[in-house]
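# Topology and contacts: notes
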Amino acid sequence: MSKLIIEPHYLGSLEYYALLLQYDKVELEVCDVFQKQTFRNRAYFLTSNKVQPLIVPLRYSTGCQTKDVTIDYSQRWVKDHWGAFYSGYGKAPFFEYFADDFKAIWDVRFESLCELNLAFMKLTFKILQSDLLLTSTEKYDKNADVDFRDIINPKKPFSDRKIYHSNAYQQLFGDTFVPNLSIIDLIMNEGPNAAHILMSSYNDEID
């Protein structure tokens, strides 16, 4: 399919990756004005029978571009995120296969949010065995052929967007399946089968 343009997400949701896998090339919008309270710096893990939001603390000025947003390491967020990851997925079937790769990225201490998100995205596509090409915008262009900028956001339930329909898989906690968590949840529980689940979860009626 043609090129998709969308903002980079932090450990994006299954909806996000189900969409991205439909394209050969994805251009990440980093020249837009940064918006708070989005998936750019938050993800959702399943831990001890509850969904836990994880937020990367940031430093930025009003009106700055996404590419200029930096990470606030004065807060202990890395330890908290790794702790949630270990608590939620330490006993998952594929934890031992991939945990060190994710931890290595958290340990880098990237200066910018974009660098952090891109590193996790590249690792995710490697695990999913996808050769999708990732690029970043060099200027803001309001016109795009396939534009999903700010479509996937926490303000509306994913079911309203009709991009993704949940295919249940085995989760560690609870008796009721929790859909559309971070890609972490799917990878830790399903490993190499994650790509198949994502592809079968995409609603191709939106094309």
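Here we summarise the structure given alongside this text. All values derive from a computational prediction rather than experimental measurement.

### A closer look at the overall build of the chain
Across its full length, the chain holds 7 helices and 7 strands. Reading the chain from its N end, one meets helices and strands in the order β-α-β-β-β-β-β-α-α-α-β-α-α-α. A globule of 207 residues ought to have a C-alpha radius of gyration of about 17 Å, and the chain, at 16 Å, matches this closely. Overall size of the chain, expressed as C-alpha extent along the three principal axes, is 45 × 45 × 30 Å. Residues counted as buried form 52% of the 207 residues belonging to the chain. In the chain, 68% of the contacts between residues at least 6 apart in sequence involve partners at least 24 apart. Element-wise, carbon and sulfur atoms account for 47% of the exposed surface of the chain, whose accessible area totals about 10500 Å². Here the chain carries 22 positive and 28 negative side-chain charges, and the mean point of each set is 7 Å from the other.

### Here we look at the pattern of salt bridges
All told, the structure shown has 9 salt bridges when counted by the stated rule. The partner of R161 in a salt bridge is E15, and the shortest N-O contact between them spans 2.7 Å. Taken together, the residues span a long stretch of sequence, with R161 in helix α5 (residues 158-161) and E15 in helix α1 (residues 14-20) at a distance of 146 residues. With relative accessibility at 15%, the residue R161 sits in the buried group. Here R40 makes a salt bridge to D32, at a shortest N to O gap of 2.9 Å. In this structure, R40 and D32 share a single accessibility class: buried.

### Looking at the pairing of strand β4 (residues 50-55)
The pairing of strand β3 (residues 42-47) with β4 spans 6 bridges and is classified as antiparallel. Note on β4: the bridge partner recorded for Y44 is P53. The turn linking β3 back onto β4 is made up of 2 residues, and S48 within it adopts a positive phi angle of 45 degrees.

### Regarding the sheet that holds strand β1 (residues 4-6)
Spatially, β1-β2-β7 is the arrangement adopted by the 3 strands of the open sheet, whose pairing is parallel. Among the strands making up the open sheet, the edge pair consists of β1 and β7 (133-136). Sheet twist, expressed as the average angle between the axes of neighbouring strands with direction ignored, equals 25 degrees. Two strands pair when backbone bridges link them, and β1 and strand β2 (residues 25-28) are joined in this way by 3 bridges, in the parallel orientation. Across the sheet, the residue bridging to I6 is L28, located in β2. On the sheet, helix α4 (residues 113-127) packs against β2 and β7 and is oriented at approximately 170 degrees with respect to β7.

Criteria and cut-off values
- Residues numbered from 1 in each chain as written.
- Predicted model: local features only at pLDDT ≥ 70, side-chain atom pairs only at ≥ 80, totals over all residues.
- Heavy atoms only, no water.
- Helix = DSSP H or I, 4+ residues; strand = E, 2+ residues; numbered from the N terminus.
- Rg over C-alpha atoms; globule rule 2.2 N^0.38 Å.
- Buried < 20%, exposed > 50% of the residue type's maximum accessible area, 1.4 Å probe, protein only.
- Contact = heavy atoms within 4.5 Å.
- Areas by Shrake-Rupley, 256 points an atom, 1.4 Å probe, with all protein chains shown as cover.
- Lys, Arg positive; Asp, Glu negative; His and termini not counted.
- Charge placed at Lys NZ, Arg CZ, Asp CG, Glu CD.
- Salt bridge = Lys/Arg side-chain N within 4 Å of Asp/Glu carboxyl O.
- Pairing = 2+ DSSP bridges.
- Axes fitted to C-alpha atoms, helices over the stretch in contact; angles between N-to-C directions.

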